[in-house]
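# Inside the fold
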Amino acid sequence: GAGVSQSPSNKVTEKGKDVELRCDPISGHTALYWYRQSLGQGLEFLIYFQGNSAPDKSGLPSDRFSAERTGGSVSTLTIQRTQQEDSAVYLCASSTGTGNVHEQFFGPGTRLTVL
Amino acid sequence: GDSVTQMEGPVTLSEEACLTINCTYTATGYPSLFWYVQYPGEGLQLLLKATKADDKGSNKGFEATYRKETTSFHLEKGSVQVSDSAVYFCALSDNTGRRALTFGSGTRLQVQP
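Presented here is a report on the structure given in the accompanying data block. (Residues numbered from 1 in each chain as written. Chains lettered and ligands numbered in written order. Predicted model: local features only at pLDDT ≥ 70, side-chain atom pairs only at ≥ 80, totals over all residues. Heavy atoms only, no water.)

Turning to the pattern of salt bridges, a few remarks are in order. Following the criterion strictly, the structure yields seven salt bridges over all chains and no others. Residue R36 of chain A pairs with E44 of chain A through a salt bridge whose shortest N-O separation is 2.9 Å. We classify R36 of chain A as buried; its relative accessible area is 8%. A salt bridge links K56 of chain B to E63 of chain B; the nearest nitrogen and oxygen atoms lie 3.6 Å apart. (Salt bridge = Lys/Arg side-chain N within 4 Å of Asp/Glu carboxyl O. Buried < 20%, exposed > 50% of the residue type's maximum accessible area, 1.4 Å probe, protein only.)

This brings us to the packing of aromatic side chains. In the structure shown here, the tally under the stated rule is 12 aromatic pairs over all chains. One aromatic cluster is present, formed by Y33, Y35, F45, Y48 and F106 of chain A together with F34, Y36, F89 and F103 of chain B through successive ring pairs. (Phe/Tyr/Trp six-rings, centres within 6.5 Å; stacked < 30°, edge-to-face > 60°.)

Now for the state of the cysteines. Following the criterion strictly, the structure yields two disulfides over all chains and no others. C23 of chain A shares a disulfide with C92 of chain A; S-S distance 1.9 Å. In this structure, the disulfide formed by C23 of chain A and C92 of chain A twists by about -65° around the S-S bond and is classed as left-handed. Highlighted residues: C23 of chain A in strand β3 (residues 19-24) and C92 of chain A in strand β8 (residues 88-95), separated in sequence by 69 residues. Comparing C23 of chain A with C92 of chain A shows no difference in burial state: the two are buried. In this model C23 of chain B forms its disulfide with C90 of chain B; the gap between the sulfur atoms is 1.9 Å. (Disulfide = S-S within 2.5 Å. Helix = DSSP H or I, 4+ residues; strand = E, 2+ residues; numbered from the N terminus.)

What follows covers the interface of chain A and chain B. Contact residues are listed per partner, giving 18 residues for chain A and 17 residues for chain B. Both faces combined, the contact of chain A with chain B buries some 1500 Å², and carbon together with sulfur accounts for 57% of it. Taken together, the links from chain A to chain B amount to one salt bridge. Salt-bridge contacts for E103 of chain A lead to K49 of chain B; the nearest nitrogen and oxygen are separated by 3.4 Å. For the interface between chain A and chain B, the tally reads five residue pairs in polar contact (both at pLDDT 80 or more). Residues belonging to the side of chain A that touches chain B are distributed by class as follows: nine nonpolar, seven polar and two charged. (Contact = heavy atoms within 4.5 Å. Buried area = accessible area lost by both parts, 1.4 Å probe. Polar contact = N/O pair within 3.5 Å; in protein donor to acceptor, adjacent residues only side chain to side chain. Nonpolar A, V, L, I, M, F, W, Y, C, P; charged D, E, K, R; others polar.)

Our next topic: the environment of K56 of chain B. Residues and elements named next belong to chain B. One can find K56 in strand β7 (residues 56-59). Taking the C-alpha atoms as reference, K56 lies 9.2 Å from F73; in sequence the two are 17 residues apart. If near-sequence neighbours (up to four positions away) are discounted, K56 is found in contact with E63, A64 and T65.

This brings us to the sheet that holds strand β3 (residues 19-21) of chain B. Residues and elements named next belong to chain B. The four strands are arranged β3-β9-β8-β7 in an open sheet whose pairing can be described as antiparallel. One side of each edge strand has no neighbouring strand; the edge strands of this open sheet are β3 and β7. Each strand axis lies, on average, 15° off the axis of its neighbour in the sheet, ignoring direction. As paired strands, β7 and strand β8 (residues 62-65) are joined by four bridges and run antiparallel to one another. Bridging from a neighbouring strand, S58 pairs with E63 of β8. (Pairing = 2+ DSSP bridges. Axes fitted to C-alpha atoms, helices over the stretch in contact; angles between N-to-C directions.)

Written out as structure tokens, the structure is:
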């Protein structure tokens, strides 16, 4: 079956522009996560969605970052007024959200470069 | 808060050598532990997992044992192959709430023929 997909795979933008990154989770997965992988910070959690509950935004680094999830499926991560330190690979993961261990399946990531 | 510490890389080995990548963690409660692998040009893949103390996760010849007394989850393989060259991440997930993963910094393994 289809795995987690993300688009675009690469995004180059100029400082100060807004960008939108998209994630399509595995069908039927109720939990969705965004992570960021950067040279300086490693892999870090950004935001978590579970079903129709309010998202856990505790990992977002600033108020320039926001995310939404429509219809409990597709998610969009938006970064406003991008800065050079936002350059990173943004990873999306999904899981069933049930059971004892929530194994997360990762997408290929979106590489964001802010010039 | 929770944290994961893993050995610095890169680790360079010859084919058929033994591998150990150390991983220790700090967490409240009883986390689940994972090893993820990232092959060149590919996304993160789950390699193995363990959910409670003394559990041993294994896959593709790799093993790791959940040691609560030493808060460790070292990754081992008896005989590495060139195809094992990748970056390996140790991670934990708390078993309450969001279950987000906390990752170590990653260890790059390079296996030479």
